[in-house]
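Geometric and topological summary
One letter stands for each residue in the lines below.
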Amino acid sequence: MLKIIHARINQGYRTSDFPAVPPVMPELFGGLPELEKDKCNHSCSDCIKVCPTGAIVKTNGSLTLDLGLCIFCHACVEACSYQALSFSQDYRLSVNKREDLLLSNNTFHLAKAVDDKAKRIFGHSLKLRQVSAGGCNACEGDTNVLNTLVFDLGRFGIQFVASPRHADGLLITGPVTENMKLALLKTYDAVPAPKLVIAVGACAISGGIYSGHPETNNGIGDLLPVDLYIPGCPPHPYTILDGLLRLIGKIL
Amino acid sequence: MSANTYLYNGQALTLTDLPVSSTAEFRSEIIEHINSGSRIVSFFGMPDKDEIALIAVLANDTQGNLEVLRTVVRDSYTSLTPEVPQAHWFERELAEQWGIHPEGHPWLKPIRFQQFINRKHSNENSETATIKPGVTDYFKVLGDEIHEVAVGPVHAGIIEPGHFRFQCQGENVLHLEIELGYQHRGIESALAKGLNQRTIHYMETLAGDTSIGHSMAYAMNMEALSGIVPPYRSQIIRAIALELERLANHTGDLGALANDIGFLPTASFCGRLRGDFLNLTAQFCGNRFGRNLLYPGGIRRDISENTISHLQKQLPILLSSVNEAINLLWETPSVMARFENIGTISHEDIISLGIVGMPARAGNVRRDVRCDYPWGAYMFLESPTVTMQTGDVYARASIRWFEIQNSVAFILKALAALTPGPVREELPPLGADKLAVSMVEAWRGEICHVAITDSSGKLKHYKVTDPSFHNWFGLALSLRNQQISDFPLCNKSFNLSYCGHDL
């Protein structure tokens, strides 16, 4: 017992001051992309050719980057001869609507909280059931890490629960494989209404690099109504936490 | 058998030099090699005109070389499993992916509930039939006091899906059967269509917690097929990244083992420390899981002097915190009571089933690709193999702790061996009609990738064998005659990959 107490003192207090103090991201971290349209040479398509997921499209000579498909691999940044694309350090990436992930003019609508009635229900206590539907264990890993003492998810009233019947919503990862589709839909049905759906990672949002595979459903798509999209491959834990707190109105 | 069917880890051979044995010769050679101590590291089918070529890669741990055998079959052949039990899962996969029937297989059923790869069903009716995951025959125990417990695919925690069926007598588990396939994303079908911008990302997400391990095996194969050796500096940085991946996962697993028995101090401390190791990987490439770091021909981006000195400073501090957290496990009798003699898998079963990685070493079977088939930086920097005798949860936990010590020592040694130089070489076109084999000792165990090119140098087949492919059945065996309440603990002590198996 004394050794445990001794270890506890040595290990120190490790919980971050987020959201009061913003986190320090790694130097090479790739967050919210920035498009500099005036630098973009409108006749070339080098970034489009190298993108593994087809996240970049050009309409009428103007670039659009779909953050829901983007895996933040930086291939476009390396391919662009005009430095028109870059990834910033901004880890805040969550949105409420799928179309808000289409980045074309550097206005980005971060997620807003659920309405007042829903906030009364979920704002102080949000119980989530996690379903991995083809996730590679990276989105799962960086969601699970929110339970560690560094992030201490419990202090925000958010908890992952074992049964969908105890849950207020689902947090879904993975491209929704054919083999998990039925289990996912049954789990959703088992959650009592009103309920939330949160899509974490490029796979869950769009299929990511598994988009177009007949073995997957290109993410949640129209299978379920989604309330929060958290892009990334995988999203950084602070990106996920930021999204969850925005959804319940704890970050405005 | 001619000498050109042998190769070393990370080498390629020319397909036209590889003889096509008769199926009977193929079988008898495999049986002979296995009886004299070799083991199967890969065994798969590949389209060959109207037939299916069967290719087996056998590893001889004492000689440190690999042998490739080939035959062709049309619809069926005599199963190897009755004589070579470690072939059982491979043969089930062959039947499922290619419709090849291994006659006499004792328990032939799907392993992933997938469609045939790029091949029409021979039975027209089944072509339109929908595949129902998990719906198959299960081994049943009958009797008055027997009951069945079914768990999954959706589990209680934040983990991947799989289905577990326990045959129990009271609390006692008589048999566990594991059905997977829920994570099947069609990676092998996509890879058989050739290389593209997605290929490296398939490798990084085959098992997302082993991004470095799998992308390293892929890079090795591409380099072998195109005949280049990546720069010295890049090889060292790759090995450092692989050991960081091991450190993060081993530390996380020890915390999770503590959590599964309700010993919260170690669980809490290790949860934080795992993240600190992941953050070190993020210093290399911006991503905690090592995405966008490795590339065929080297690494995508050099690491800075700052990163090197940060690593040299941080690793000893982290190691001392990890040791403090983990020593609490060994010093607490109530923890040891839950670890010792639980989930034992015997030395004999490990050998006959071809178990790899930590669970093999925990049962005193000295198998470690880093020592037996060294590649890259492991050819000149030593990494000792750790073994334990007991084969139980305690042994699998201890192995992790010892390997944490070795990985930190290895990284510090590797950092000291870094000299300035290039980190990436342009990859020339792949050689035509080649077969390359690469193996990597990732944190779970042995990864094996086999890449095959056609006569124009285009990738035509790519086979991935994650350590979990060998080991899931080992987990099932370790549960026999255990309390069902010890399942989470046993499961975590193996911590196998669902998506790495399902592909």
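Residues numbered from 1 in each chain as written. Chains lettered and ligands numbered in written order. Predicted model: local features only at pLDDT ≥ 70, side-chain atom pairs only at ≥ 80, totals over all residues. Heavy atoms only, no water.

**Section: the overall build of chain A**
Helix and strand counts for chain A stand at 8 helices and 10 strands. By its C-alpha atoms, chain A is 65 × 45 × 35 Å across when sized along the principal axes. A separation of at least 24 residues holds for 76% of the contacts in chain A among residues at least 6 apart in sequence. Working note: accessible area of chain A is about 10500 Å², and carbon and sulfur atoms make up 54% of it. Each charge sign in chain A was given a centre, from 23 positive and 23 negative side chains, and these centres are 7 Å apart. (Helix = DSSP H or I, 4+ residues; strand = E, 2+ residues; numbered from the N terminus. Contact = heavy atoms within 4.5 Å. Areas by Shrake-Rupley, 256 points an atom, 1.4 Å probe, with all protein chains shown as cover. Lys, Arg positive; Asp, Glu negative; His and termini not counted. Charge placed at Lys NZ, Arg CZ, Asp CG, Glu CD.)

**A short note on the packing of aromatic side chains**
All names here are of chain B. Applying the stated criterion across every chain, the model contains 20 aromatic pairs over all chains. Both rings, one in F26 and one in F43, keep their centres 6.0 Å apart while their planes meet at 45°; by these two values the pair is tilted. Of this pair, F26 sits in helix α1 (residues 23-35) while F43 sits in strand β3 (residues 39-48), and the two are 17 residues apart along the sequence. Residues F26 and F43 agree in their burial class; the two are buried. One aromatic cluster is present, built from ring pairs that chain together F164, F166, W472, F487 and Y498. (Phe/Tyr/Trp six-rings, centres within 6.5 Å; stacked < 30°, edge-to-face > 60°. Buried < 20%, exposed > 50% of the residue type's maximum accessible area, 1.4 Å probe, protein only.)

**Some points on the sheet that holds strand β2 (residues 11-14) of chain B**
Hydrogen bonding along the main chain pairs the strands of a sheet, whether they run parallel or antiparallel. Residues and elements named next belong to chain B. Reading across from one edge, β2-β13-β14-β15 is the order of the 4 strands in this open sheet, with antiparallel pairing throughout. Since the sheet does not close on itself, it has two edges, and those belong to β2 and β15 (459-465), each with one partner. Neighbour-to-neighbour, the strand axes of this sheet turn through a mean angle of 15°, independent of strand direction. Where strand β14 (residues 446-453) meets β15, 6 bridges bridge the pair, whose relative direction is antiparallel. Looking at the pairing, C448 lines up with T465 of β15. (Pairing = 2+ DSSP bridges. Axes fitted to C-alpha atoms, helices over the stretch in contact; angles between N-to-C directions.)

**Quick look at the interface of chain B and chain A**
Across the boundary between the two partners, chain B contributes 57 residues, which contact 61 residues of chain A. Here R300(B) makes a salt bridge to E78(A), at a shortest N to O gap of 2.8 Å. Between the two partners, chain B and chain A, sit 28 residue pairs in polar contact (both at pLDDT 80 or more). For the side of chain B that touches chain A, the secondary-structure elements that each account for two or more residues are α4 (187-191), α5 (199-205), α8 (264-285) and α9 (305-331) of chain B. When grouped by side-chain class, the residues that make up the side of chain B that touches chain A number 25 nonpolar, 18 polar and 14 charged. (Salt bridge = Lys/Arg side-chain N within 4 Å of Asp/Glu carboxyl O. Polar contact = N/O pair within 3.5 Å; in protein donor to acceptor, adjacent residues only side chain to side chain. Nonpolar A, V, L, I, M, F, W, Y, C, P; charged D, E, K, R; others polar.)

**Comments concerning empty space enclosed by the protein**
The full count for this structure, using the stated rule, is 12 cavities of 30 Å³ or more. Size it by volume and the largest cavity reaches roughly 260 Å³. Forming the boundary of the largest cavity are 23 residues, of which F29(A), G30(A), P234(A), G286(B) and N287(B) lie nearest the centre. Taken together, the residues of the lining of the largest cavity sort by class into 12 nonpolar, 7 polar and 4 charged. Residue-level mapping places the lining of the largest cavity at the junction of two domains, with at least three residues from each of domain 1 (33-91) and domain 2 (116-247) of chain A. As for the second largest cavity, its lining consists of 13 residues, of which E245(B), N249(B), L278(B), R288(B) and F289(B) are closest to the centre. Listed by contribution, the elements that provide at least two residues to the lining of the second largest cavity are α7 (232-260) and α8 of chain B. (1 Å grid on protein atoms, 1.4 Å probe; cavity = no way out; pocket = protein on both sides within 12 Å on 5 of 7 lines; lining within 4 Å. Points joined across faces, edges and corners; volume = space filled by probe spheres on them. Domains from an automatic or database assignment.)

**What about the pattern of salt bridges?**
Residue and element names in this part refer to chain B. A full pass over the atoms with the stated rule returns 35 salt bridges over all chains. The partner of D61 in a salt bridge is R39, with the nearest N and O atoms 2.9 Å apart. Linking D61 in the loop between β4 (51-60) and β5 (65-73) with R39 in strand β3, this pair joins segments that are 22 residues apart in sequence. Considered together, D61 and R39 belong to a single accessibility category, that of buried residues. The salt bridge involving E93 is made with K463; its shortest N-O contact spans 2.7 Å.

**Some words on α7(B)**
All names here are of chain B. Here α7 is 29 residues long and its end C-alpha atoms lie 42 Å apart, about the 42 Å a rise of 1.5 Å per residue gives. For α7, the tally of buried residues reaches 26 of 29 residues, placing the bulk of the element in the interior. Trailing α7 by a residue or two, G262 shows a phi angle of about 75°, which is positive. (Expected span 1.5 Å × (residues − 1).)

**Remarks on helix α2 (residues 88-98) of chain B**
All names here are of chain B. Among the 11 residues that make up α2, 11 are buried, leaving the element largely enclosed by the rest of the structure. Turning to α2, its buried residues are H88, W89, F90, E91, R92, E93, L94, A95, E96, Q97 and W98. Trailing α2 by a residue or two, G99 shows a phi angle of about 70°, which is positive.

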